[in-house]
Amino acid sequence: MAATVDHHKRQLSDAKFQICPFNKSIFPPRRRLRLDPSSNLYFPYEPGKQAKSAVKIKNTSKSYVAFKFQTTAPKSCYMRPPGGVLTPGESLITTVFKFIEQPENNEKPIDLKTKVKFKIISLKVKEGTDYVPELFEEQKDQVTIERTLKVVFLDPERPSPALDKLKLQLAQAEAAATEADKKPLVETGPKVVGEGLIVDEWKERRERYLAKQQVEAVDSVVKQ
């Protein structure tokens, strides 16, 4: 009887050190990037205008990491840069642009909700890798979803820590962009491809959208 009990105890002890084959799949993937803010994108609420938000992205891994923005509203939003490659420990502040639609049914800003979200994904890459969006399609199995950021509107007339922080980050992003323009064209820092095309496409969409609104407004007046 004692031998049976001892055998059972040894089995329980050994089991503590055995790794279940399903454990790996239930653990969340280790994140390579740290975001600030970590869960929200703050925009000043100014209907009918293009608003700006910002998020700081830092590569906290020991590897080169490619990142990419995704959004549920590509027609009204774009990012600068939309993606890039960060060296170990490197950080940058990205600027996010969003056109704020006019509210319907006289909704107040405090009551206004939006389903727009942004997702940042990452991929471990080799040193010297040039950023292209296709990287993430070619290596789907290695892609990590870093964060899904929700859009939060801020009252631009009401001071708040979130608004102060946003203004500071936007100023830092603008200063970094100005400094980068002064430097000669050398392949340093995050590599971005196709940014201008994305911005131009977004502007064209906005122009078509505004033109359509003007036509609808004229038609409404004529019918009255």
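Residues numbered from 1 in each chain as written. Predicted model: local features only at pLDDT ≥ 70, side-chain atom pairs only at ≥ 80, totals over all residues. Heavy atoms only, no water.

Draft legend 1. Spatial organisation of the packing of aromatic side chains. Inspection of every chain in the model, using the stated rule, returns three aromatic pairs. Between Tyr45 and Phe153, the aromatic rings sit 5.2 Å apart at their centres with planes inclined by 70°, giving edge-to-face as the arrangement. A residue pair is termed long-range when its members are at least 10 positions apart, and Tyr45 in the loop between β2 (40-44) and β3 (50-59) and Phe153 in strand β9 (residues 144-154) qualify at 108 residues. Like Tyr45, the residue Phe153 is buried in the burial classification. (Phe/Tyr/Trp six-rings, centres within 6.5 Å; stacked < 30°, edge-to-face > 60°. Helix = DSSP H or I, 4+ residues; strand = E, 2+ residues; numbered from the N terminus. Buried < 20%, exposed > 50% of the residue type's maximum accessible area, 1.4 Å probe, protein only.)

Draft legend 2. A look at the sheet that holds β9. With mixed pairing, the five strands of this open sheet are ordered in space as β2-β9-β8-β4-β6. Two strands close off the open sheet at either side, each with one partner strand: β2 and β6 (83-86). Averaged over all adjacent pairs, the angle separating strand axes in this sheet is 25°, with direction ignored. One ladder, built from eight bridges, connects strand β4 (residues 64-71) with strand β8 (residues 117-125); its direction is antiparallel. In the sheet register, Val65 faces β8, and the bridge partner there is Lys124. (Pairing = 2+ DSSP bridges. Axes fitted to C-alpha atoms, helices over the stretch in contact; angles between N-to-C directions.)

Draft legend 3. Layout of the sheet that holds β3. Ordered in space as β1-β3-β7-β5, the four strands form an open sheet in which the pairing is antiparallel. The open sheet has two free edges, formed respectively by β1 (33-36) and β5 (77-80), since each of these has just one partner strand. On average, each strand axis in the sheet is tilted by 25° relative to the strand beside it, whichever way the strands run. By the bridge criterion, four bridges tie β5 to strand β7 (residues 91-99) in an arrangement that is antiparallel. Looking at β7, one finds that Met79 is bridged to Val96. Helix α4 (residues 161-182) rests against β1, β3, β5 and β7 of the sheet, and its axis sits at about 75° to β3. (Contact = heavy atoms within 4.5 Å.)

Draft legend 4. Structural detail: unusual backbone geometry. Of note, the bond from Asp36 into Pro37 is cis; its omega dihedral lies within 30 degrees of zero at 5°. Omega for the bond connecting Arg80 with Pro81 falls within 30 degrees of zero, at -5°, which places this linkage in the cis form. Relative to the helices and strands, Pro81 is located in the loop between β5 and β6.

Draft legend 5. Structural detail: the pattern of salt bridges. Taken as a whole and assessed by the stated rule, the structure comprises two salt bridges. Between Glu137 and Lys140 there is a salt bridge, with its nearest N and O atoms 3.6 Å apart. The two residues Glu137 and Lys140 agree in class, both being exposed. (Salt bridge = Lys/Arg side-chain N within 4 Å of Asp/Glu carboxyl O.)

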